[in-house]
Every structure is written in structure tokens, then in C-alpha cells.
Amino acid sequence: MQAKASSADRIREKKKIFLAREAKIVKAALELLISENIDRVTVSKIASKAGIGKGTVYKHFLTKNEILVRIMLDYEQSISTRLAEGLEEAKKGDPGAVSKAYCESRLARPQLDRLVQKLEDRLVDAEDIESQLAEVSRIRRSHEDALDTMITTWIGDGILE
């Protein structure tokens, strides 16, 4: 006989389902935004593409802008991950790994890179997502800081002048 799932297990399972549905919403939005004009992509279209109700989208994101900035954040975080890998390789003796990692992460999906640029232009003054935009800026500054630290180290080690 199987024991009943604990309340903690049920909560974990609900959270897992919630996060999977949220990822599905973001993926649907991303696909639509790459293929259509930003203004033509609505929450209704995103919900339809994700195969869920519009109200369900609003359980995850209060506004369309929140979905858009989430795409930006996910993109910048993926660059951070790749950049960190490049920095580790550089510390092991491959100074070109940093620039290679950065460029490859930006060029892996040119349509996504261009979309993020368009989203940034569109959302720069959006008041409903100020904290998320600040997080995008913080992530980008961390990229710059990591690269600056590595370059300073290479100069100190005589690898660069």
C-alpha cells in the first residue's frame, strides 16, 4: 500500500507544475515575438499558443511587460552562465575562451539577440517593471565587471599590454 504524499511533497509538486507552466508561457511568447511584431503579440495569443487560458497567464505574470522582461532576464542569465564557463576556461590557460564564450552566446540565436534589443528599446521607460529592468542592468554590469577583472589580470600577468 502506497503512503499518502506529505503536504510538503504536494507543495513541491504544485510548484513544479507552476514553474513548468510558466516556462511554457515564456516559450510561447518567445516564439510569437520572434515571428510577429511585438505590438501584435497579445496575452491572449500567448495563452492560446501555450495551450492555456488567458487568466492562467495572469496567475504567472501581471502584465505583458512582465513576460517581455522575463525573456530579457532569461537571455542575460544564459549569457552569464556561458561567460562564467569561459572565465573558468580562461583561468585554466585559455585567454580566448572568455571572448569566445561571450560572442558564441550572443550569436547562438541571432533572432533572440535582436529581439532582446528591441524589447529593451520598448521597455526602457516602463514603470511597471522597473525592478526587473534594474536586474537586467545588474546582470550586464556583472558581465562587464567579469571581463574587466579578467583583462586586468591578463595585463598584470603580461598576457596583454
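Here, every reference points to the structure presented above.
Let me begin by describing the structure that accompanies this report. (Residues numbered from 1 in each chain as written. Predicted model: local features only at pLDDT ≥ 70, side-chain atom pairs only at ≥ 80, totals over all residues. Heavy atoms only, no water.)

Remarks on helix α6 (residues 110–123)
Counted at 1.5 Å a residue, the expected span for α6 with its 14 residues is 20 Å, and the 20 Å between its end C-alpha atoms agrees. Contacts made by the buried residues of α6 are with α1 (7–35), α4 (64–91), α5 (96–107) and α7 (130–156). (Helix = DSSP H or I, 4+ residues; strand = E, 2+ residues; numbered from the N terminus. Expected span 1.5 Å × (residues − 1). Contact = heavy atoms within 4.5 Å.)

Regarding α7
With 27 residues, α7 extends 38 Å from end C-alpha to end C-alpha; this agrees with the ideal 39 Å at 1.5 Å per step. Those residues of α7 that fall on the buried side of the exposure criterion are Leu133, Val136, Ile139, His143, Met150 and Trp154. On its buried face, α7 is in contact with α4, α5 and α6. (Buried < 20%, exposed > 50% of the residue type's maximum accessible area, 1.4 Å probe, protein only.)

Notes on the pattern of salt bridges
Tallying each qualifying case throughout the model produces 15 salt bridges. The shortest N-O distance in the salt bridge between Arg70 and Glu22 comes to 2.7 Å. Of this pair, Arg70 sits in helix α4 while Glu22 sits in helix α1, and the two are 48 residues apart along the sequence. Residue Glu22 is classed as buried on the basis of its relative accessible area of 12%. The network of salt bridges with common partners includes Glu22, Arg70 and Asp74. (Salt bridge = Lys/Arg side-chain N within 4 Å of Asp/Glu carboxyl O.)

Here's the deal with a negative patch on the surface
Side chains of Asp125, Glu127, Asp128 and Glu130 sit close together on the surface and give a patch of like negative charge. Looking at the secondary structure, you find Asp128 in the loop between α6 and α7. Given the relative accessible area of 38%, Asp128 is considered partly exposed. (Patch = residues over 30% accessible without salt bridge, like charges linked within 9 Å, V, L, I, M, F, W, Y side chains within 5 Å. Areas by Shrake-Rupley, 256 points an atom, 1.4 Å probe, with all protein chains shown as cover. Lys, Arg positive; Asp, Glu negative; His and termini not counted. Charge placed at Lys NZ, Arg CZ, Asp CG, Glu CD.)

Let's talk about the environment of Ala47
Mapped onto the fold, Ala47 is located in helix α2 (residues 43–50). By relative accessible area, which is 2% here, Ala47 ends up buried. A sequence separation of 23 residues divides Ala47 from Lys24, and the C-alpha atoms of the two residues are 9.5 Å apart.

Here we look at the packing of α4 against α7
The contact between α4 and α7 brings their axes to 9 Å, and the two run at 15°. Judged by the inter-axis angle, α4 sits roughly parallel to α7. When you trace α4 past α7, the crossing you get is left-handed. Taking contact as the criterion, the partners of Glu66, Val69, Met72, Leu73, Glu76, Gln77, Ile79, Ser80, Leu83, Leu87, Ala90 and Lys91 in α4 are, on α7, Gln132, Leu133, Glu135, Val136, Ile139, Arg140, Ser142, His143, Ala146, Leu147, Met150 and Trp154. Considered class by class, the residues forming the contact of α4 with α7 number 14 nonpolar, five polar and five charged. (Axes fitted to C-alpha atoms, helices over the stretch in contact; angles between N-to-C directions. Parallel < 35°, antiparallel > 145°, perpendicular 65-115°, else oblique. Left-handed = near helix turned anticlockwise from the far one by under 90°. Nonpolar A, V, L, I, M, F, W, Y, C, P; charged D, E, K, R; others polar.)

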